[in-house]
Each structure stands twice: as structure tokens, then as C-alpha cells.
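Analysis of the macromolecular model
The primary structure of each chain is shown beneath.
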Amino acid sequence: MDEEYDAIVLGTGLKECILSGMLSVSGKKVLHVDRNKYYGGESASICPLEELFTKFGAPAPDESYGRGRDWNVDLIPKFLMANGSLVKLLIHTGVTRYLEFKSVEGSYVYKGGKIAKVPVDQKEALASDLMGMFEKRRFRSFLIYVQDFLEEDPKTWKDFDARTQNMTALYEKFGLDKNTQDFTGHALALYRDDEYLNSPAIETIKRIKLYSDSLARYGKSPYLYPMYGLGELPQGFARLSAIYGGTYMLDKPIDEIVLGEGGKVVGVRSGTEIAKCKQVYCDPSYVSDRVKKSGKVIRCICLLDHPIANTKDALSTQIIIPQKQVGRNSDIYVSLVSYTHQVAAKGWFIAMVSTTVETETPEQEIKPGLDLLGPIRQKFVSVYDYYEPTDLGLESQIFISQSYDATTHFETTCLDVLDIFKRGTGEEFDFSKIKHELGDEEQ
Amino acid sequence: MASIRVPEQKVILCGEYGVGKSSLFRRFANNTFVTATDRKSTLGLDQFKKMYYAYGKNVKLQLWDTGGMERVASITSSYYKFAEAAILVFALDNPATFHILSQHLLDIVTYAENAKIFLCGNKSDLVSEGSHISDSDIEAFCEQCHNLISGTYKTSCKTGEGIEDMFTDIASQLIKSNQSRMDLQTMDEHGFKITENSEDPEENCLC
Ligand SMILES: Cc1cc2nc3c(=O)[nH]c(=O)nc-3n(C[C@H](O)[C@H](O)[C@H](O)COP(=O)(O)OP(=O)(O)OC[C@H]3O[C@@H](n4cnc5c(N)ncnc54)[C@H](O)[C@@H]3O)c2cc1C
Ligand SMILES: Nc1nc2c(ncn2[C@@H]2O[C@H](COP(=O)(O)OP(=O)(O)O)[C@@H](O)[C@H]2O)c(=O)[nH]1
Ligand SMILES: [Mg+2]
């Protein structure tokens, strides 16, 4: 450990692993440390099942759960948008070759106590029972408008300036009612609350396009999920870092981040060993004095021995409960994966219900989500604080990621990572530095 | 899925740091050998595919190197996933790397349940000098692990001896065991790899 590095990365969560990979690829000498014995931190997938039960202080699972080793349970629910930034990052870094994916089978939205499939194209929109007949036609013209919209071609704007006019105005232009607005904003554009209504419509248009471009890639739904669980993602980037010269140390507690002149970081101490460095990149748990709490998220892991009702027995699905439907300010999310992804024993399903905490009784808040699941064999509830750094790290050269637990999607994960990389190195990440085609050479 | 594809078989290298895994990989990939512990020469290169032919069938071996992660930390469990074969490497001139094999074996059977396991004693060019692992040591080890080992080889990355023979034999063993397995593998059991669109993704991305 007593060496000098360009950068020391603390924690092997997804963000830190992506950063570590990008830094190594850029030619930096990187030491990557985790206090845990395993890779992934909070973004690890827990295996075997016994360990999950132990973690939550529950008595050991009985034999009906099958082999414990067949389970890989995520602590954070996430899907990848098939055309989203994480997928781009995976492709450009070549990390995609370490992973296999399955399409999520369906995406549903909650309306009036029931769930309905999110209509994804004009045909489905016309068949959907989310809207009445006339509303369907209006929604169809709206979808066509969005699909044809090109930012650089004002002819496609149809007398509407999406850069200045807000989303409410665009909904009004097409005469869409509140219910349609609800599933458009929350299940297609994936907004978590209604603030987007007052922002320029262009943002929402882009999000709907991301949704439909993602959908176009693999059909069924715009979401992908990796075989063996999300824990495979940080591991893939860790491997990228390693093959570009990054050094890995696990099970290494960090006792101090050593500062030098002007409060600038000079190293990291573990016991009596000090590794010198010019920069530190880490998650909030390694620097409690440099982060602030900015909210709470509740997540409930539910083990089921059956699929969710009214989803055509989907082996994977996402259900969004728009806030208004249940009188809240933020949406409730339900995600379901199962044995088909090698994350559960044969016949088993893992559902996760999560939302931003708004009251003193968070478990009550997720009840509408839990009610959709039917009988739950085992439930694990946890409430996480969401942290963000108190400064940008430019003086200390300590670059801290925002809590990974709180955000459940990869678009903002990637934005945070690219932003940290830019702050740390002063430049945008150059994807052309990766010669991953070497690895695909054939003979 | 109508086109006939040459089956690809993931083969991983396992064993202690310094036994010659990356050297085997280098021999496999471009038949070179370097003495210096010059890590740069393999930076960025971690898997290589090569075609083999046996029993009237083609197979593509896709060899994976550890990336040196085993130096201080453990290898990620995802390294083992989907592996059809694992080559357990030790250095013939270094008994310590042999005696620790059972630990690596345990990792393989845990994380790559279905992989065929092969044992490779490397650095055969060095064995004349003093303490080394004998054939009976190797036999005893194979018996101990209940014949989990499908083949044993001795190689030298320095001279190149035994290396091509080893990969050829592994390839033919994989072809043979594939034949006995169901020929049709249902798409359903596997996920898919994501690849770039034919069009430039930057172009149709509006985000
Ligand atoms: C399973 C799943 C997968 C998704 N995948 C993608 C994706 O790949 N790409 C994409 O663009 N969008 C995805 N989304 C949608 C995404 O979660 C957000 O709704 C969307 O990106 C809006 O982000 P924002 O910038 O408005 O809010 P953000 O700034 O991202 O979030 C604000 C706050 O909301 C909280 N929060 C965010 N998401 C959740 C949640 N699910 N549960 C509880 N609290 C939360 C956090 O406290 C966060 O600080 C996914 C949603 C789900 C449920
Ligand atoms: N003499 C001799 N040296 C070897 C042989 N194979 C590898 N080495 C040397 O052993 C050292 C470690 O090899 P390397 O491939 O990096 O091992 P790895 O850590 O298992 O990947 C290097 O200095 C190699 O040159 C061999 O067959 N004979
Ligand atoms: Mg090596």
C-alpha cells in the first residue's frame, strides 16, 4: 500500500467503479480500495440468500427457498434504459462484453387502484384501457408529434417553441386530460414529481424519445436487466480498471484521509500504512464530514413465490404509481425480477417497492405498492439517508459522489460520474482512449 | 437465430499471481513471451478468441486473463460466470503456488459450477533447478479432488513447449462434451449481449 498514486478511489459502488475504470483508461495510476470483503458496496447483489436474511436480522430461510447460492439480491432497484447513458458507457468502454442482459417484459402504470400496461406505441395506445376513445386519438397525435420532433428542425415544431413554452402548454395544445398527463409524465418521461409541467417542454420531449428509442432496441419494454443482478455492473468496470493497470484492495478499512497544505489531500491512511496520492474519489460513507443529508428513501425487498397479478405472469416488470394517484408528492416504484435472471431460485420472484420518504411513517407510504404484490413470503424494509457532497472538491481534490442509494436510475448516475470526472481531471472523458477492439481480435 | 454459429466457449485462467497466466494468455493470443514484469504489454487486452477443430467440428475458444486483480484483492465473481472451462495454473518451480490450488478450485466450483477444470503446471523449463512439484504430487492432488480435473498439462511459456497441445486438447474435450449435451440450446436460458446499433448512436440520441 505504501506507494504513490495519481488517484485513490474509495468504495467499489457502481459510480466509484466507473470512475476507477475511466481514470485507469486515461493512464492514471489508480489504487481502488474497499473496506468490505466484496465488490460493489451498496450496489452489490447479496449472495447467498442466507446472507440477506442475516443482514436484516431475520431467522434463516427454510428449504422452500431452494439453494441459497442461486440468489443474488440487489439492495437497490434499478433497470437500464436500453438507449440510456449507462448502456452507452458500457458499449464505449467495452464492459458490455462481461455482461448479459434480458429485456424487462413489461412496464405498467397504476390508475384508480388497478394497473395497466404503459402504451408504448400508437397501436398499443389505441388498445389501451387507460384512455377513452377520443382521448386515444389525441394521445396518438401527441405521440406522433413527439416522434417527429427534431430540435434542429423548426418545421417539426408545429408552431410550438418547446425551448421556451412549458409542458403544460404542450399538453393543452393536444388537449390531453389529467390522467393521460399523469402516465405520460411519470411512466414515459419518468419524472418523479410534477415540477416538469412548468419547465420547457423540450426536456420532456427528449425523455419520451429516450423511452421510445430504448423500446425500439429490444422490444417488450425500454428496460434491460443484467443476468446475475446489478452487482455485475460495478464488477465489470472494476475489471476494466484492473486490465488498464488499476490496483485493487478489498477488506481494507480506511482510518483517515490525510490532508496537506491548504487542506489538499496528500494520502489515505489505513492503520499505520499511508498511500500517497494527488486525488481521492469516494462515496459519501468515507467522508462523513464533507457531506450533507438531503432526504430519505425507503426500499422494501419482497420475496414472492408467484408473479404479480395482472401482468400476464411477467418474469420481470416495472410498475409506476404516479404520486397523484395516491395523494403523494413523489411516485412509488415497484420493480420485479426473478429466477429467469439467475437472481432467485427456480419459481421465485424478487419485488422491490421504493419511494422518497415524505412522512414519519415511511412503511405506510409504500402500502399501495405492497398491496399490488399479493402474498409476500418475506419482507425486508430499510430506510436510507440520501447524501450529497458539501463542495465540489476542487480545493481539497476530494471528489465525492452523491449517494448512490437514493437515486434508482442510471441516467443521473452517469451524469454524476461524468461530472466528477470532469471536475477531477479538467477534461471530458475521451472514449477513444479505449482500445477495447483489441480484446475482440479474432484469428 | 437461423444462421449456424461456431460455438464460443469461455475459458478462464486461475491461479496465484506470478505463475504465468498472462504469459499463457500472451502465447495464446500472439505467441510471444516477455520476461520483464512489464504489465503494459497486456494492458487493455483481457480476452482473445481462437478457432479450433476436432471431431469434425469447429469451436472458438475465448480465453480470459484475470487482469492481475488477484495480486492483492480477490477476483470478481463475474469473471467466472458463463465459463465453460477453467485452467488452474501453478508454477512447477514454486510449491507454494501448487499447495494453494484447492482454494482456487473452490472458487471455480462455487462461481463457475459447470466449468470443466484443467490443471496446468507452468514454467517446465525451470524444474531442473531444485525443489519442484513431481508427477506423483499432481496425481495425488487430482485424486484428492475426486477427479474434478479433466486434464493435466505441463507447459513452458518461455520455450512455448506444451502450450498449443494443451489448448488443442481442451478444445477437443469441450467439443466432445458439447456433442453429448443437447445440441439445441434454448435462447431463453441465456441473456443477450448489448451491442452498438449499426447507425451511430450519437446521431439518433437526442439527450
Ligand atoms: C426501476 C427504475 C428504473 C429506471 N431507469 C431509468 C433509466 O435507466 N433512465 C432514466 O432516465 N430514468 C429511469 N428511471 C426513472 C428515474 O428513476 C427518474 O424517475 C427520472 O430519471 C427522474 O429523475 P429526476 O431528475 O426528476 O429526479 P432525480 O434528481 O433523479 O431524483 C431526485 C430524488 O428522487 C429520489 N428518487 C429518485 N428515484 C427514486 C426512486 N425510484 N425511488 C425512491 N426515490 C427516488 C431520490 O431521493 C433523489 O434524490 C427509472 C425508474 C425506475 C423505478
Ligand atoms: N522461465 C519461465 N518464466 C515464466 C514462464 N511463464 C511465465 N514466466 C515469468 O513469470 C513471471 C510472471 O508471469 P505472468 O504471466 O505475469 O504471471 P500471472 O501473474 O499469473 O499473470 C513473468 O516474469 C514471466 O516472464 C515460463 O514458462 N518459464
Ligand atoms: Mg497476470
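Conventions adopted
Residues numbered from 1 in each chain as written. Chains lettered and ligands numbered in written order. Predicted model: local features only at pLDDT ≥ 70, side-chain atom pairs only at ≥ 80, totals over all residues. Heavy atoms only, no water. Near = heavy atom within 4 Å. Polar contact = N/O pair within 3.5 Å; in protein donor to acceptor, adjacent residues only side chain to side chain. Areas by Shrake-Rupley, 256 points an atom, 1.4 Å probe, with all protein chains shown as cover. Helix = DSSP H or I, 4+ residues; strand = E, 2+ residues; numbered from the N terminus. Nonpolar A, V, L, I, M, F, W, Y, C, P; charged D, E, K, R; others polar. Phe/Tyr/Trp six-rings, centres within 6.5 Å; stacked < 30°, edge-to-face > 60°. Buried < 20%, exposed > 50% of the residue type's maximum accessible area, 1.4 Å probe, protein only. Contact = heavy atoms within 4.5 Å. Salt bridge = Lys/Arg side-chain N within 4 Å of Asp/Glu carboxyl O. Domains from an automatic or database assignment. Buried area = accessible area lost by both parts, 1.4 Å probe.

1. Observations concerning the site of ligand 2
Residue and element names in this part refer to chain B. Near ligand 2 lie 20 residues; those nearest to it are Gly 18, Lys 21, Ser 23, Asp 125 and Cys 157. Between ligand 2 and Asn 122 there is a distance of 3.1 Å, counted from a nitrogen atom to a side-chain nitrogen or oxygen. Alone, ligand 2 offers 580 Å² of accessible surface; in the complex the protein occludes 86% of this. Element by element, the count of residues in the shell around ligand 2 is highest for helix α1 (residues 21-30), at 3 residues. In terms of residue class, the shell around ligand 2 is made up of 6 nonpolar, 8 polar and 6 charged.

2. Structural notes on the packing of aromatic side chains
Counting across every chain of the model gives 32 aromatic pairs over all chains. On the numbers, 6.1 Å between centres and 90 degrees between planes, the contact of Phe 28 of chain B with Phe 48 of chain B is edge-to-face. In this pair, Phe 28 of chain B sits in helix α1 while Phe 48 of chain B sits in strand β2 (residues 47-54), placing the two residues 20 residues apart along the sequence. Judged by its relative accessible area of 1%, Phe 28 of chain B falls in the buried class. Between Tyr 80 of chain B and Tyr 111 of chain B the ring centres are 5.5 Å apart and the planes differ by 35 degrees, which places this aromatic pair in the tilted class. One end of the pair, Tyr 80 of chain B, is in the loop between β3 (57-64) and β4 (85-91); the other, Tyr 111 of chain B, is in helix α3 (residues 101-111), with 31 residues separating them in the sequence. The class for Tyr 80 of chain B is buried, based on a relative accessible area of 3%. Take Tyr 111 of chain B: its relative accessible area is 37%, and that puts it in the partly exposed class. Each residue in the set Phe 139, Phe 142, Tyr 145, Phe 149, Trp 157, Tyr 171, Phe 174, Phe 183, Tyr 191 and Tyr 196 of chain A is aromatic and connected to the rest through ring pairs, giving one cluster.

3. Examining the side chain of Glu 232 of chain A
Its location among the elements puts Glu 232 of chain A in helix α9 (residues 232-243). Not counting residues up to four positions away in its chain, the partners in contact with Glu 232 of chain A are Leu 99 and Met 227 of chain A together with Ser 77, Ser 78 and Lys 81 of chain B.

4. What to know about the pattern of salt bridges
Residues and elements named next belong to chain A. Scanning the entire structure with this criterion turns up 31 salt bridges over all chains. The residue Asp 194 makes a salt bridge to Lys 324 at a minimum N-O spacing of 2.7 Å. With a gap of 130 residues between them, Asp 194 in the loop between α7 (178-188) and α8 (201-218) and Lys 324 in the loop between β15 (317-321) and β16 (332-338) connect regions that are remote in the sequence. Note on Asp 194: relative accessible area 17%, which makes it buried. Residues Glu 388 and Lys 292 are paired through a salt bridge, measuring 3.9 Å at the closest nitrogen-oxygen approach.

5. Description of the domain arrangement of chain A
Residue and element names in this part refer to chain A. According to the domain assignment, chain A contains domain 1 (4-43 + 231-292 + 387-427), domain 2 (56-105 + 222-226 + 293-386) and domain 3 (121-218). Between domain 2 and domain 3, the C-alpha centre-to-centre distance is 27 Å. On the side of domain 3, 16 residues touch domain 2, which itself brings 21 residues to the contact. Counting the surface lost from both domain 2 and domain 3, the interface buries some 1600 Å², and carbon and sulfur atoms represent 53% of this. Sorting the residues of domain 2 by area buried against domain 3 places Met 81, Asn 83 and Pro 222 first, and these three jointly supply 31% of that buried surface. Taken together, domain 2 and domain 3 are joined by 2 salt bridges.

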